[in-house]
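# Working through the structure, step by step
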Amino acid sequence: MRISVVGCGYLGAVHAACMADVGHEVLGIDVDERKVADLSAARAPFFEPGLPEVLQRTCATGRLRFTTDVAAIARPPGADGPTVHFVCVGTPQRRGEFAADTSYVDAAVSALLPHLRPGDLVVGKSTVPVGTAARLADRIGEAVPGAALAWNPEFLREGHAVEDTVHPDRIVYGLPPDPDDARRAKALLDEVYAEPVAAGIPVITADYATAELVKTAANAFLATKISFINAMAEVCEAAGADVTTLAAAIGHDDRIGARFLRAGLGFGGGCLPKDIRAFMARAGELGADQALTFLREVDAINMRRRTRMVDLARQEVGGSFLGRKVTVLGAAFKPDSDDIRDSPALNVAAQIRLQGGDVVVTDPAALENARRAWPDLRYEEKVEVACQGADVVLLLTEWREYRGLDPASLGEVVRARNVLDGRNALDAQLWRAAGWNYRALGRPRG
Ligand code: UGA
(Lines give C-alpha, C1' and ligand atoms only; values in the text may rest on other atoms or scores of the structure.)
Protein backbone atom coordinates (compact mmCIF):
# COMPACT_ATOMS: atom_id res chain seq x y z
CA MET A 1 0.00 0.00 0.00
CA ARG A 2 1.04 3.59 -0.56
CA ILE A 3 0.48 5.47 2.67
CA SER A 4 0.96 9.04 3.80
CA VAL A 5 0.96 10.11 7.45
CA VAL A 6 0.26 13.77 8.22
CA GLY A 7 1.65 14.76 11.64
CA CYS A 8 4.74 12.95 12.95
CA GLY A 9 4.41 13.38 16.71
CA TYR A 10 4.16 10.60 19.29
CA LEU A 11 1.35 8.99 17.31
CA GLY A 12 2.23 9.68 13.66
CA ALA A 13 5.96 8.92 13.77
CA VAL A 14 5.35 5.54 15.38
CA HIS A 15 2.47 4.75 13.03
CA ALA A 16 4.54 5.69 9.96
CA ALA A 17 7.52 3.59 11.05
CA CYS A 18 5.42 0.55 11.98
CA MET A 19 3.46 0.71 8.70
CA ALA A 20 6.73 0.78 6.73
CA ASP A 21 8.01 -2.09 8.85
CA VAL A 22 5.19 -4.36 7.65
CA GLY A 23 6.01 -3.56 4.01
CA HIS A 24 3.96 -0.48 3.07
CA GLU A 25 5.45 2.47 1.19
CA VAL A 26 5.16 5.36 3.66
CA LEU A 27 5.65 9.11 3.44
CA GLY A 28 5.53 11.03 6.73
CA ILE A 29 4.73 14.76 6.61
CA ASP A 30 5.29 17.31 9.35
CA VAL A 31 5.68 21.08 9.45
CA ASP A 32 8.54 20.82 11.98
CA GLU A 33 11.81 20.79 10.00
CA ARG A 34 13.87 19.52 12.93
CA LYS A 35 11.57 16.58 13.46
CA VAL A 36 11.63 15.73 9.75
CA ALA A 37 15.44 15.96 9.66
CA ASP A 38 15.72 13.64 12.69
CA LEU A 39 13.26 11.10 11.32
CA SER A 40 14.87 11.17 7.86
CA ALA A 41 18.17 10.33 9.54
CA ALA A 42 16.40 7.42 11.34
CA ARG A 43 16.64 9.26 14.69
CA ALA A 44 13.61 9.30 16.99
CA PRO A 45 12.78 12.95 17.79
CA PHE A 46 11.42 11.90 21.21
CA PHE A 47 12.02 9.13 23.73
CA GLU A 48 10.01 6.04 22.84
CA PRO A 49 11.40 2.58 23.58
CA GLY A 50 11.76 0.47 20.40
CA LEU A 51 11.18 3.34 17.96
CA PRO A 52 14.86 3.97 17.06
CA GLU A 53 15.25 0.31 16.07
CA VAL A 54 12.13 0.33 13.84
CA LEU A 55 13.24 3.62 12.23
CA GLN A 56 16.72 2.30 11.50
CA ARG A 57 15.30 -0.90 10.00
CA THR A 58 12.73 0.80 7.81
CA CYS A 59 14.60 3.92 6.66
CA ALA A 60 17.32 1.60 5.32
CA THR A 61 14.77 -0.15 3.05
CA GLY A 62 13.81 3.13 1.34
CA ARG A 63 10.13 2.42 2.13
CA LEU A 64 9.96 5.15 4.76
CA ARG A 65 10.55 8.80 3.90
CA PHE A 66 9.76 12.08 5.65
CA THR A 67 9.20 15.57 4.29
CA THR A 68 7.85 18.99 5.20
CA ASP A 69 6.38 19.34 1.71
CA VAL A 70 2.80 18.07 1.57
CA ALA A 71 2.91 18.26 -2.26
CA ALA A 72 5.23 15.23 -2.14
CA ILE A 73 2.19 13.03 -1.55
CA ALA A 74 1.10 13.60 -5.16
CA ARG A 75 0.85 10.20 -6.83
CA PRO A 76 4.11 9.51 -8.70
CA PRO A 77 3.77 9.35 -12.52
CA GLY A 78 2.85 5.86 -13.65
CA ALA A 79 1.73 4.78 -10.19
CA ASP A 80 -1.80 3.49 -9.96
CA GLY A 81 -3.95 2.36 -7.07
CA PRO A 82 -5.21 4.47 -4.21
CA THR A 83 -3.23 6.14 -1.44
CA VAL A 84 -4.34 5.94 2.17
CA HIS A 85 -3.69 9.22 4.03
CA PHE A 86 -3.56 9.07 7.83
CA VAL A 87 -4.24 12.23 9.83
CA CYS A 88 -2.27 12.02 13.09
CA VAL A 89 -2.03 15.65 14.22
CA GLY A 90 -2.71 16.87 17.77
CA THR A 91 -5.98 18.22 19.20
CA PRO A 92 -4.80 20.18 22.27
CA GLN A 93 -7.07 21.89 24.79
CA ARG A 94 -8.08 25.36 23.67
CA ARG A 95 -6.59 28.14 25.76
CA GLY A 96 -8.99 29.15 28.52
CA GLU A 97 -11.60 26.58 27.51
CA PHE A 98 -12.34 22.88 27.99
CA ALA A 99 -12.97 22.24 24.29
CA ALA A 100 -10.41 20.67 21.95
CA ASP A 101 -8.70 22.75 19.30
CA THR A 102 -9.34 20.87 16.05
CA SER A 103 -7.66 23.47 13.84
CA TYR A 104 -4.66 21.20 13.15
CA VAL A 105 -6.97 18.44 11.92
CA ASP A 106 -8.78 20.90 9.64
CA ALA A 107 -5.47 22.26 8.39
CA ALA A 108 -4.21 18.73 7.67
CA VAL A 109 -7.30 17.94 5.59
CA SER A 110 -7.02 21.30 3.77
CA ALA A 111 -3.40 20.46 2.94
CA LEU A 112 -4.38 17.03 1.63
CA LEU A 113 -7.35 18.13 -0.51
CA PRO A 114 -5.43 19.44 -3.58
CA HIS A 115 -3.52 16.14 -3.80
CA LEU A 116 -6.36 13.68 -3.27
CA ARG A 117 -7.48 11.47 -6.17
CA PRO A 118 -10.75 9.60 -6.60
CA GLY A 119 -10.32 6.26 -4.83
CA ASP A 120 -8.02 7.66 -2.14
CA LEU A 121 -8.96 7.21 1.50
CA VAL A 122 -8.31 9.75 4.26
CA VAL A 123 -8.15 8.06 7.67
CA GLY A 124 -8.47 10.13 10.84
CA LYS A 125 -6.54 8.88 13.86
CA SER A 126 -6.49 12.06 15.96
CA THR A 127 -8.75 12.19 19.03
CA VAL A 128 -11.58 14.52 18.01
CA PRO A 129 -14.92 15.75 19.34
CA VAL A 130 -17.75 13.56 18.07
CA GLY A 131 -19.14 15.01 14.82
CA THR A 132 -15.77 16.03 13.42
CA ALA A 133 -15.51 13.06 11.04
CA ALA A 134 -18.91 13.71 9.45
CA ARG A 135 -17.95 17.35 8.91
CA LEU A 136 -14.60 16.44 7.34
CA ALA A 137 -16.19 13.75 5.16
CA ASP A 138 -18.49 16.41 3.66
CA ARG A 139 -15.51 18.62 2.88
CA ILE A 140 -13.63 15.76 1.22
CA GLY A 141 -16.67 14.52 -0.72
CA GLU A 142 -17.39 17.99 -2.10
CA ALA A 143 -13.80 18.70 -3.11
CA VAL A 144 -12.85 15.29 -4.53
CA PRO A 145 -15.79 13.10 -5.50
CA GLY A 146 -14.72 9.47 -5.21
CA ALA A 147 -12.35 10.08 -2.29
CA ALA A 148 -13.62 8.96 1.13
CA LEU A 149 -12.96 9.29 4.84
CA ALA A 150 -12.73 6.66 7.60
CA TRP A 151 -12.16 7.19 11.33
CA ASN A 152 -9.71 4.82 12.93
CA PRO A 153 -8.97 5.92 16.51
CA GLU A 154 -5.68 5.06 18.12
CA PHE A 155 -5.26 3.56 21.58
CA LEU A 156 -1.48 3.50 21.93
CA ARG A 157 0.18 4.43 25.19
CA GLU A 158 3.37 6.46 25.20
CA GLY A 159 6.22 4.29 26.36
CA HIS A 160 4.56 1.25 24.74
CA ALA A 161 3.69 2.88 21.43
CA VAL A 162 5.50 0.44 19.12
CA GLU A 163 4.11 -2.63 20.85
CA ASP A 164 0.59 -1.12 20.94
CA THR A 165 0.76 -0.27 17.22
CA VAL A 166 2.01 -3.70 16.16
CA HIS A 167 -0.22 -5.68 18.55
CA PRO A 168 -3.27 -3.50 19.27
CA ASP A 169 -5.96 -5.07 21.45
CA ARG A 170 -8.64 -3.95 19.00
CA ILE A 171 -8.96 -2.02 15.74
CA VAL A 172 -11.93 0.30 15.20
CA TYR A 173 -13.11 1.34 11.73
CA GLY A 174 -15.54 4.26 11.60
CA LEU A 175 -16.95 3.87 8.07
CA PRO A 176 -18.84 6.22 5.71
CA PRO A 177 -22.66 6.04 5.66
CA ASP A 178 -22.78 5.14 1.93
CA PRO A 179 -22.55 1.30 1.74
CA ASP A 180 -20.29 1.27 -1.36
CA ASP A 181 -17.91 3.82 0.19
CA ALA A 182 -17.97 1.84 3.42
CA ARG A 183 -17.09 -1.42 1.63
CA ARG A 184 -14.24 0.25 -0.22
CA ALA A 185 -12.90 1.96 2.90
CA LYS A 186 -13.04 -1.30 4.88
CA ALA A 187 -11.22 -3.19 2.11
CA LEU A 188 -8.41 -0.59 2.10
CA LEU A 189 -8.11 -0.60 5.90
CA ASP A 190 -8.05 -4.42 5.90
CA GLU A 191 -5.13 -4.22 3.48
CA VAL A 192 -3.30 -1.65 5.63
CA TYR A 193 -3.82 -3.79 8.74
CA ALA A 194 -3.46 -7.16 6.98
CA GLU A 195 -1.05 -8.50 9.63
CA PRO A 196 -3.03 -7.76 12.81
CA VAL A 197 -6.29 -8.71 11.06
CA ALA A 198 -4.79 -12.08 10.04
CA ALA A 199 -3.53 -12.53 13.60
CA GLY A 200 -7.14 -12.37 14.81
CA ILE A 201 -7.08 -8.93 16.48
CA PRO A 202 -10.77 -7.96 16.84
CA VAL A 203 -11.94 -5.44 14.24
CA ILE A 204 -15.00 -3.41 15.21
CA THR A 205 -16.78 -1.58 12.42
CA ALA A 206 -18.97 1.36 13.33
CA ASP A 207 -20.36 4.64 12.06
CA TYR A 208 -18.22 7.75 12.39
CA ALA A 209 -19.79 9.02 15.60
CA THR A 210 -19.45 5.69 17.42
CA ALA A 211 -15.82 5.32 16.34
CA GLU A 212 -15.01 8.82 17.59
CA LEU A 213 -16.80 8.13 20.87
CA VAL A 214 -15.04 4.78 21.43
CA LYS A 215 -11.80 6.70 21.84
CA THR A 216 -13.10 9.40 24.16
CA ALA A 217 -15.10 6.88 26.20
CA ALA A 218 -12.02 4.66 26.62
CA ASN A 219 -9.89 7.56 27.91
CA ALA A 220 -12.74 8.80 30.13
CA PHE A 221 -13.05 5.33 31.65
CA LEU A 222 -9.30 5.07 32.29
CA ALA A 223 -9.24 8.52 33.91
CA THR A 224 -12.25 7.57 36.04
CA LYS A 225 -10.56 4.37 37.19
CA ILE A 226 -7.46 6.28 38.31
CA SER A 227 -9.50 8.95 40.06
CA PHE A 228 -11.65 6.29 41.72
CA ILE A 229 -8.63 4.70 43.36
CA ASN A 230 -7.25 8.13 44.25
CA ALA A 231 -10.57 9.00 45.92
CA MET A 232 -10.17 5.76 47.89
CA ALA A 233 -6.66 6.97 48.77
CA GLU A 234 -8.15 10.14 50.26
CA VAL A 235 -10.49 8.06 52.40
CA CYS A 236 -7.65 5.71 53.36
CA GLU A 237 -5.57 8.68 54.47
CA ALA A 238 -8.45 9.89 56.65
CA ALA A 239 -9.11 6.43 58.09
CA GLY A 240 -5.53 5.25 58.53
CA ALA A 241 -5.96 2.50 55.90
CA ASP A 242 -3.69 1.37 53.05
CA VAL A 243 -4.89 2.02 49.49
CA THR A 244 -2.31 -0.29 47.88
CA THR A 245 -3.65 -3.30 49.80
CA LEU A 246 -7.22 -2.17 49.07
CA ALA A 247 -6.45 -1.87 45.31
CA ALA A 248 -4.82 -5.30 45.21
CA ALA A 249 -7.79 -6.83 47.00
CA ILE A 250 -10.54 -5.31 44.84
CA GLY A 251 -8.45 -5.91 41.70
CA HIS A 252 -8.78 -9.68 42.17
CA ASP A 253 -12.41 -9.31 41.16
CA ASP A 254 -12.32 -9.77 37.37
CA ARG A 255 -15.19 -7.33 36.98
CA ILE A 256 -12.99 -4.63 38.51
CA GLY A 257 -9.52 -5.72 37.35
CA ALA A 258 -6.21 -4.72 38.90
CA ARG A 259 -4.81 -2.62 36.04
CA PHE A 260 -4.97 1.19 36.20
CA LEU A 261 -5.67 1.07 39.91
CA ARG A 262 -2.30 2.49 40.92
CA ALA A 263 -3.03 5.21 43.45
CA GLY A 264 -0.69 8.17 43.63
CA LEU A 265 -0.18 11.54 42.08
CA GLY A 266 -2.76 10.89 39.37
CA PHE A 267 -2.87 11.23 35.63
CA GLY A 268 -1.22 13.78 33.38
CA GLY A 269 0.08 13.83 29.83
CA GLY A 270 -1.19 15.08 26.51
CA CYS A 271 -4.27 12.84 26.46
CA LEU A 272 -6.33 11.94 29.55
CA PRO A 273 -6.63 15.43 31.12
CA LYS A 274 -7.52 17.28 27.92
CA ASP A 275 -9.65 14.44 26.55
CA ILE A 276 -12.02 14.33 29.53
CA ARG A 277 -12.39 18.12 29.38
CA ALA A 278 -13.04 18.12 25.63
CA PHE A 279 -15.55 15.30 26.14
CA MET A 280 -17.47 17.37 28.71
CA ALA A 281 -17.41 20.40 26.41
CA ARG A 282 -18.69 18.41 23.44
CA ALA A 283 -21.43 16.72 25.49
CA GLY A 284 -22.52 20.22 26.56
CA GLU A 285 -22.75 21.35 22.93
CA LEU A 286 -24.88 18.29 22.18
CA GLY A 287 -27.23 19.02 25.11
CA ALA A 288 -25.98 15.95 27.04
CA ASP A 289 -23.85 17.79 29.61
CA GLN A 290 -25.51 16.09 32.59
CA ALA A 291 -24.28 12.72 31.37
CA LEU A 292 -20.68 13.72 31.98
CA THR A 293 -20.80 15.96 35.04
CA PHE A 294 -19.06 13.14 36.96
CA LEU A 295 -15.95 13.82 34.84
CA ARG A 296 -15.64 17.18 36.59
CA GLU A 297 -15.21 15.26 39.82
CA VAL A 298 -12.73 12.90 38.14
CA ASP A 299 -10.70 15.96 37.12
CA ALA A 300 -11.02 17.57 40.56
CA ILE A 301 -9.90 14.41 42.43
CA ASN A 302 -6.93 14.21 40.08
CA MET A 303 -5.86 17.81 40.63
CA ARG A 304 -6.32 17.50 44.43
CA ARG A 305 -3.62 14.80 44.56
CA ARG A 306 -1.06 17.35 43.40
CA THR A 307 -2.02 19.82 46.13
CA ARG A 308 -1.99 17.01 48.68
CA MET A 309 1.57 16.09 47.67
CA VAL A 310 2.69 19.70 48.12
CA ASP A 311 1.01 19.81 51.56
CA LEU A 312 2.66 16.55 52.67
CA ALA A 313 6.06 17.77 51.48
CA ARG A 314 5.61 21.03 53.43
CA GLN A 315 4.71 19.06 56.57
CA GLU A 316 7.81 16.90 56.17
CA VAL A 317 10.13 19.90 56.07
CA GLY A 318 8.61 21.49 59.17
CA GLY A 319 5.73 23.62 57.89
CA SER A 320 7.46 25.95 55.44
CA PHE A 321 9.56 25.48 52.33
CA LEU A 322 11.67 28.57 53.00
CA GLY A 323 15.32 27.57 53.25
CA ARG A 324 14.48 23.93 52.49
CA LYS A 325 15.85 21.84 49.68
CA VAL A 326 13.35 19.58 47.90
CA THR A 327 14.52 16.98 45.37
CA VAL A 328 11.99 15.82 42.79
CA LEU A 329 12.63 12.46 41.13
CA GLY A 330 10.89 12.55 37.75
CA ALA A 331 9.78 15.24 35.32
CA ALA A 332 8.02 13.18 32.63
CA PHE A 333 4.27 12.63 33.05
CA LYS A 334 5.02 8.92 33.31
CA PRO A 335 8.05 6.62 33.03
CA ASP A 336 9.52 5.60 29.65
CA SER A 337 8.55 8.89 28.11
CA ASP A 338 10.12 12.33 27.74
CA ASP A 339 6.68 13.92 27.43
CA ILE A 340 6.13 16.64 30.04
CA ARG A 341 2.71 17.84 28.89
CA ASP A 342 0.58 18.38 32.01
CA SER A 343 3.18 16.50 34.04
CA PRO A 344 1.97 16.06 37.65
CA ALA A 345 5.63 15.93 38.77
CA LEU A 346 6.53 19.31 37.25
CA ASN A 347 3.30 20.82 38.49
CA VAL A 348 4.19 19.81 42.07
CA ALA A 349 7.78 21.01 41.62
CA ALA A 350 6.59 24.39 40.37
CA GLN A 351 4.10 24.82 43.24
CA ILE A 352 6.84 24.12 45.80
CA ARG A 353 9.19 26.54 44.05
CA LEU A 354 6.46 29.22 44.16
CA GLN A 355 6.15 28.63 47.89
CA GLY A 356 9.83 29.40 48.38
CA GLY A 357 11.36 25.91 48.24
CA ASP A 358 14.78 25.29 46.70
CA VAL A 359 13.64 22.65 44.18
CA VAL A 360 15.92 20.42 42.12
CA VAL A 361 14.39 18.14 39.50
CA THR A 362 15.99 15.10 37.91
CA ASP A 363 14.75 12.73 35.20
CA PRO A 364 16.43 10.14 32.96
CA ALA A 365 14.88 11.42 29.70
CA ALA A 366 12.75 14.53 30.08
CA LEU A 367 15.16 17.19 31.39
CA GLU A 368 15.62 18.93 28.04
CA ASN A 369 11.86 19.28 27.53
CA ALA A 370 11.34 20.28 31.17
CA ARG A 371 14.01 22.96 30.99
CA ARG A 372 12.37 24.47 27.92
CA ALA A 373 8.89 24.56 29.49
CA TRP A 374 9.84 25.42 33.11
CA PRO A 375 13.10 27.40 32.88
CA ASP A 376 12.72 28.66 36.47
CA LEU A 377 13.24 25.23 38.00
CA ARG A 378 16.71 23.85 38.78
CA TYR A 379 17.74 20.59 37.08
CA GLU A 380 20.39 17.94 37.72
CA GLU A 381 21.14 14.90 35.59
CA LYS A 382 22.44 12.62 38.33
CA VAL A 383 20.16 11.44 41.12
CA GLU A 384 22.92 11.50 43.74
CA VAL A 385 23.83 15.10 42.85
CA ALA A 386 20.18 16.15 42.82
CA CYS A 387 19.69 14.64 46.29
CA GLN A 388 22.73 16.26 47.91
CA GLY A 389 21.62 18.15 51.00
CA ALA A 390 17.91 17.46 50.40
CA ASP A 391 15.48 17.96 53.25
CA VAL A 392 12.93 15.79 51.47
CA VAL A 393 13.01 13.56 48.36
CA LEU A 394 9.81 13.25 46.32
CA LEU A 395 9.35 10.28 43.96
CA LEU A 396 6.89 11.68 41.43
CA THR A 397 7.51 9.63 38.26
CA GLU A 398 8.20 5.95 38.83
CA TRP A 399 11.11 5.32 36.46
CA ARG A 400 12.67 1.86 36.94
CA GLU A 401 15.97 3.44 38.04
CA TYR A 402 14.18 5.25 40.88
CA ARG A 403 12.28 2.16 42.00
CA GLY A 404 15.64 0.39 42.30
CA LEU A 405 17.47 3.13 44.23
CA ASP A 406 19.54 2.02 47.21
CA PRO A 407 18.10 3.88 50.23
CA ALA A 408 21.24 3.30 52.28
CA SER A 409 23.64 5.03 49.89
CA LEU A 410 21.14 7.79 49.06
CA GLY A 411 20.78 8.34 52.80
CA GLU A 412 24.46 9.36 52.89
CA VAL A 413 23.98 12.42 50.65
CA VAL A 414 20.69 13.94 51.89
CA ARG A 415 20.39 16.32 54.85
CA ALA A 416 17.31 14.56 56.25
CA ARG A 417 16.06 11.08 55.37
CA ASN A 418 12.54 12.07 54.36
CA VAL A 419 11.03 10.41 51.30
CA LEU A 420 7.53 10.91 49.88
CA ASP A 421 6.47 8.23 47.44
CA GLY A 422 4.00 9.90 45.10
CA ARG A 423 3.57 6.77 43.00
CA ASN A 424 3.49 4.00 45.61
CA ALA A 425 6.44 2.55 43.78
CA LEU A 426 9.12 2.16 46.46
CA ASP A 427 9.55 -0.69 48.93
CA ALA A 428 8.41 1.00 52.16
CA GLN A 429 10.00 -1.60 54.44
CA LEU A 430 13.37 -1.33 52.71
CA TRP A 431 13.40 2.48 52.99
CA ARG A 432 12.26 2.46 56.60
CA ALA A 433 14.88 -0.19 57.46
CA ALA A 434 17.53 2.18 56.03
CA GLY A 435 16.42 4.86 58.45
CA TRP A 436 14.15 6.85 56.17
CA ASN A 437 10.93 8.49 57.22
CA TYR A 438 8.82 7.00 54.38
CA ARG A 439 5.40 8.42 53.53
CA ALA A 440 3.13 7.74 50.58
CA LEU A 441 -0.21 8.93 49.25
CA GLY A 442 -3.08 6.85 50.58
CA ARG A 443 -1.07 4.88 53.13
CA PRO A 444 -0.60 5.06 56.88
CA ARG A 445 2.50 6.77 58.29
CA GLY A 446 4.02 3.46 59.44
C1 UGA B 1 -3.53 7.21 27.29
C2 UGA B 1 -4.30 5.90 27.12
O3 UGA B 1 -3.86 4.94 28.08
C4 UGA B 1 -4.09 5.32 25.71
O5 UGA B 1 -4.89 4.15 25.54
C6 UGA B 1 -4.51 6.40 24.69
O7 UGA B 1 -4.29 5.93 23.36
C8 UGA B 1 -3.67 7.65 24.92
O9 UGA B 1 -3.90 8.13 26.25
C10 UGA B 1 -4.10 8.68 23.91
O11 UGA B 1 -5.23 9.15 24.00
O12 UGA B 1 -3.35 8.94 22.97
P13 UGA B 1 -0.95 7.78 27.79
O14 UGA B 1 -1.40 9.20 27.92
O15 UGA B 1 0.25 7.45 26.98
O16 UGA B 1 -2.14 6.88 27.18
O17 UGA B 1 -0.64 7.27 29.27
P18 UGA B 1 -1.29 6.27 30.32
O19 UGA B 1 -0.48 5.05 30.40
O20 UGA B 1 -2.75 6.11 30.09
O21 UGA B 1 -1.06 7.09 31.68
C22 UGA B 1 -1.71 8.35 31.86
C23 UGA B 1 -1.42 8.90 33.22
O24 UGA B 1 -2.09 8.15 34.22
C25 UGA B 1 0.05 8.92 33.63
O26 UGA B 1 0.33 10.18 34.20
C27 UGA B 1 0.15 7.79 34.64
O28 UGA B 1 1.17 8.03 35.58
C29 UGA B 1 -1.22 7.83 35.28
N30 UGA B 1 -1.66 6.55 35.87
C31 UGA B 1 -1.83 5.46 35.10
C32 UGA B 1 -1.93 6.48 37.23
O33 UGA B 1 -1.80 7.48 37.97
N34 UGA B 1 -2.36 5.30 37.77
C35 UGA B 1 -2.51 4.19 37.01
O36 UGA B 1 -2.93 3.14 37.56
C37 UGA B 1 -2.25 4.26 35.65
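Residues numbered from 1 in each chain as written. Predicted model: local features only at pLDDT ≥ 70, side-chain atom pairs only at ≥ 80, totals over all residues. Heavy atoms only, no water.

### Some words on the overall build of the protein chain
On a plain count of helices and strands, the protein chain comes out with 18 helices and 14 strands. Relative to the globule expectation of 22 Å for 446 residues, the C-alpha radius of gyration of the protein chain, 24 Å, shows essentially globular dimensions. Projected onto the principal axes, the alpha-carbon positions of the protein chain cover approximately 70 × 50 × 40 Å. Here the protein chain holds 446 residues, and the buried ones make up 52% of them. (Helix = DSSP H or I, 4+ residues; strand = E, 2+ residues; numbered from the N terminus. Rg over C-alpha atoms; globule rule 2.2 N^0.38 Å. Buried < 20%, exposed > 50% of the residue type's maximum accessible area, 1.4 Å probe, protein only.)

### Focus: the domain arrangement of the protein chain
Size of an interface, as often reported, equals the accessible area lost when the parts are brought together. By domain assignment, the protein chain separates into domain 1 (2-206) and domain 2 (225-440). On a C-alpha basis, the centroid separation for the pair domain 1 and domain 2 is 34 Å. Facing 17 residues of domain 1, the contacting portion of domain 2 comprises 20 residues. For the pair domain 1 and domain 2, the two sides together bury roughly 1500 Å², of which 54% comes from carbon and sulfur. Its largest share of buried area at the contact with domain 2, domain 1 owes to Phe47, Phe98 and Glu158, together 42% of the area lost on that side. Seen at the junction of domain 1 and domain 2, the total is one salt bridge. Residue Glu158 pairs with Arg341 through a salt bridge whose shortest N-O separation is 3.2 Å. By residue class, the composition of the side of domain 1 that touches domain 2 is 10 nonpolar, five polar and two charged. (Domains from an automatic or database assignment. Contact = heavy atoms within 4.5 Å. Buried area = accessible area lost by both parts, 1.4 Å probe. Salt bridge = Lys/Arg side-chain N within 4 Å of Asp/Glu carboxyl O. Nonpolar A, V, L, I, M, F, W, Y, C, P; charged D, E, K, R; others polar.)

### Let's talk about the nonpolar core
Soluble, globular proteins show a tendency: their nonpolar side chains are buried together. Core analysis: the biggest nonpolar cluster contains 48 residues, and Ile352, Val361 and Leu394 have the highest contact counts within it. In terms of residues, this core owes the most to one element, helix 13 (residues 344-354), which gives five residues. Once residues lying within four places of it in the same chain are set aside, the contact partners of Leu394 are Ala313, Val326, Thr327, Val328, Leu329, Val348, Ile352 and Leu420. With 43 residues, the next largest nonpolar core counts Val5, Met19, Phe86 and Val123 among its residues. (Core = buried A, V, L, I, M, F, W, Y, C linked by side-chain atoms within 4.5 Å.)

### As for the pairing of strand 1 (residues 2-6)
Where burial is concerned, most of strand 1 is hidden: four out of the five residues are buried. Following the backbone out of strand 1, through helix 1 (residues 10-21) and into the adjacent parallel strand 2 (residues 25-29), one traces a crossover that is right-handed. Pairing of strand 1 with strand 4 (residues 83-87) involves five bridges; the strand directions are parallel. By the bridge assignment for strand 4, Ser4 is matched with His85. (Right-handed = clockwise from strand over helix to strand, strands pointing away. Pairing = 2+ DSSP bridges.)

### What to know about unusual backbone geometry
One non-glycine residue, Phe260, lies in the positive phi region at around 65 degrees. Backbone geometry at Asp342 places phi at a positive 40 degrees, although glycine is not the residue there. Tracing the sequence through the fold places Asp342 in the loop between strand 9 (325-329) and helix 13. Take Asp342: its relative accessible area is 28%, and that puts it in the partly exposed class.

### What about the state of the cysteines?
Within this structure, the stated rule accounts for zero disulfides. In this model Cys18 remains outside any disulfide bridge; the closest cysteine sulfur is found in Cys88, 11 Å from its own. Looking at Cys59, it has no disulfide partner, and the nearest cysteine sulfur is the one in Cys8, 11 Å off. (Disulfide = S-S within 2.5 Å.)

### Describing the site of the ligand
Lining the immediate environment of the ligand, one finds 21 residues, of which Phe155, Leu156, Glu158, Lys215 and Asn219 sit closest. Within the contact set of the ligand, an oxygen atom lies 2.7 Å away from a side-chain nitrogen or oxygen of Asn219. If the ligand stood free it would expose 710 Å²; the protein chains cover 93% of that surface. For the shell around the ligand, the elements supplying multiple residues, two or more each, are helix 9 (208-239) and helix 11 (272-285). Broken down by element, the residue count for the shell around the ligand peaks at four residues, all from helix 9. Looking at side-chain class alone, the shell around the ligand contains 10 nonpolar, three polar and eight charged residues. Split by domain, the shell around the ligand shows at least three residues from each of two domains, domain 1 (2-206) and domain 2 (225-440). (Near = heavy atom within 4 Å. Polar contact = N/O pair within 3.5 Å; in protein donor to acceptor, adjacent residues only side chain to side chain. Areas by Shrake-Rupley, 256 points an atom, 1.4 Å probe, with all protein chains shown as cover.)

### Overview of the sheet that holds strand 13 (residues 418-421)
Hydrogen bonds along the backbone pair up the strands of a sheet, which may run parallel or antiparallel. Pairing is parallel in the open sheet, where six strands are placed in the order 11-10-9-12-13-14. A single partner strand is all that each edge strand has here, and the edge strands are strand 11 (378-379) and strand 14 (437-440). Note that strand 10 (residues 358-362) and strand 11 share two bridges and pair parallel. Within strand 11, the residue paired with Val361 across the bridge is Tyr379. Taken strand by strand, helix 12 (residues 293-316) contacts strand 12 (392-395), strand 13 and strand 14, and its axis lies near 170 degrees from that of strand 13. (Axes fitted to C-alpha atoms, helices over the stretch in contact; angles between N-to-C directions.)

### Looking at the side chain of Lys325
With respect to the secondary-structure elements, Lys325 resides in strand 9. Among buried charged residues, Lys325 stands out as having no salt bridge; its nearest opposite-charge side chain is Asp358, 5.6 Å away. Those residues in contact with Lys325, other than ones at most four positions away along the chain, are Asp358, Val360, Arg378, Val385, Ala386, Gln388, Gly389, Ala390, Asp391, Val392 and Arg415. (Lys, Arg positive; Asp, Glu negative; His and termini not counted.)

### Topic: the environment of Asn424
Within the fold, Asn424 resides in the loop between strand 13 and helix 18 (428-433). In the structure, Asn424 is positioned 26 residues away from Glu398 in sequence and 8.5 Å away in space, judged by C-alpha atoms. Separated by 3.2 Å, the side chain of Asn424 and the backbone oxygen of Ala263 make a polar contact. At 3.2 Å, the side chain of Asn424 and the side chain of Arg443 are in polar contact.

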